[in-house]
Amino acid sequence: MPVTTTWKPENFSSRVLSDFELWAKFAFNSFLQYLLRDPAFVVNRYRIGGLGVTFRMDEDGLAAALAAMGTNTRRVQSIFEHLDRNHNSDADDVAVRYVDLIKSSGSTVNALKANRTLITLLIKVMDEGVTTQDEKKAIAFLKTL
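How each quantity is defined
- Residues numbered from 1 in each chain as written.
- Predicted model: local features only at pLDDT ≥ 70, side-chain atom pairs only at ≥ 80, totals over all residues.
- Heavy atoms only, no water.
- Helix = DSSP H or I, 4+ residues; strand = E, 2+ residues; numbered from the N terminus.
- Buried < 20%, exposed > 50% of the residue type's maximum accessible area, 1.4 Å probe, protein only.
- Contact = heavy atoms within 4.5 Å.
- Areas by Shrake-Rupley, 256 points an atom, 1.4 Å probe, with all protein chains shown as cover.
- Axes fitted to C-alpha atoms, helices over the stretch in contact; angles between N-to-C directions.
- Parallel < 35°, antiparallel > 145°, perpendicular 65-115°, else oblique.
- Nonpolar A, V, L, I, M, F, W, Y, C, P; charged D, E, K, R; others polar.
- Core = buried A, V, L, I, M, F, W, Y, C linked by side-chain atoms within 4.5 Å.
- Salt bridge = Lys/Arg side-chain N within 4 Å of Asp/Glu carboxyl O.
- Patch = residues over 30% accessible without salt bridge, like charges linked within 9 Å, V, L, I, M, F, W, Y side chains within 5 Å.

A. Region of the structure containing the overall build of the protein. Scanning the protein from N- to C-terminus turns up seven helices and two strands. Written out in order from the N terminus, the α and β elements of the protein read α-β-β-α-α-α-α-α-α. Of all 145 residues assigned to the protein, the portion counted as buried reaches 35%. Across the protein, every contact between residues at least 6 apart in sequence was considered, and the portion connecting residues at least 24 apart equals 59%. Counting every atom, the protein has about 9500 Å² of accessible surface; 57% of that belongs to carbon and sulfur.

B. Molecular detail of the packing of helix α5 (residues 106-114) against helix α6 (residues 116-127). In contact at an axis separation of 5 Å, α5 and α6 are set at 95° when each is read in the N-to-C sense. In terms of orientation, α5 lies roughly perpendicular with respect to α6. Mapping the contact onto sequence places Leu112, Lys113 and Ala114 in α5 and Arg116, Leu118, Ile119 and Leu122 in α6. Within the contact of α5 with α6, the residues separate by chemical class into five nonpolar, no polar and two charged.

C. Up close: the nonpolar core. Within the largest apolar cluster, 33 residues are counted, with the highest numbers of intra-cluster contacts made by Leu66, Phe80, Leu83, Tyr98, Leu122, Met126 and Leu142. Residue assignment for this core shows that the elements contributing at least two residues are α1 (19-44), α2 (59-68), α3 (73-86), α4 (88-102), α5, α6 and α7 (133-143). When sequence neighbours within four positions are dropped, the list of residues in contact with Leu142 reads Val99, Leu112, Ile119, Leu122, Ile123 and Met126.

D. Spotlight on the pattern of salt bridges. Tallied over the entire structure, the rule returns six salt bridges. For the salt bridge of Lys124 with Asp84, the shortest nitrogen-to-oxygen distance reads 2.6 Å. With Lys124 in helix α6 and Asp84 in helix α3, this residue pair connects regions lying 40 residues apart in the sequence. Accessibility expressed as a relative area gives 36% for Lys124, which makes it partly exposed. Of the residues examined, Asp84 reaches a relative accessible area of 17% and is grouped as buried. In this structure, Lys103 and Asp100 form a salt bridge, with 3.7 Å as the shortest nitrogen-oxygen distance. On the basis of relative accessible area, Lys103 is assigned to the partly exposed category, the value being 36%. We classify Asp100 as partly exposed; its relative accessible area is 42%. A cluster of three or more residues bridged by salt bridges with shared partners is formed by Glu59, Asp60 and Arg97.

E. Geometry of α2. Buried residues dominate α2, accounting for seven of its 10 residues. All of the buried residues along α2 are Glu59, Gly61, Leu62, Ala63, Ala65, Leu66 and Ala67.

F. Seen up close, a nonpolar patch on the surface. On the surface, Ile48, Val53 and Phe55 cluster together into a nonpolar patch covering about 330 Å² of accessible area. Mapping Ile48 onto the fold places it in strand β1 (residues 47-50).

G. Broad picture of the environment of Asn44. By the element assignment, Asn44 lies in helix α1. Distance from Asn44 to Leu62, taken between C-alpha atoms, is 9.5 Å for residues 18 residues apart in sequence.

Given below as structure tokens:
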């Protein structure tokens, strides 16, 4: 007995995407790629170098940019994770300057209190290697939160 199939959309798994759906898929994928690479984009604005080698990092500028992110501590955390992994020798300097800049901002300090992971990461970054007096002061401040 021959098998006959009646044409119904649910019987077929593929369909043609409209122009809008194609654009939306591309735009959403681009946005996801941006989110995944955001820490590198931010750091690279304040870094001079190439081929994985950093010749100079504007630590003051990067710390100011991070402080300007205010209560968005998840974004700040992802950037410090990137710094710790890829630019560890600069991460402690940026962390000290960042902590100094946010001390006077009550809303940022309150947001930081709620993000224990970021506090732990900042302490870790500043406590590695030689710990300067400025780093010790910043660590002491973070431990009070």
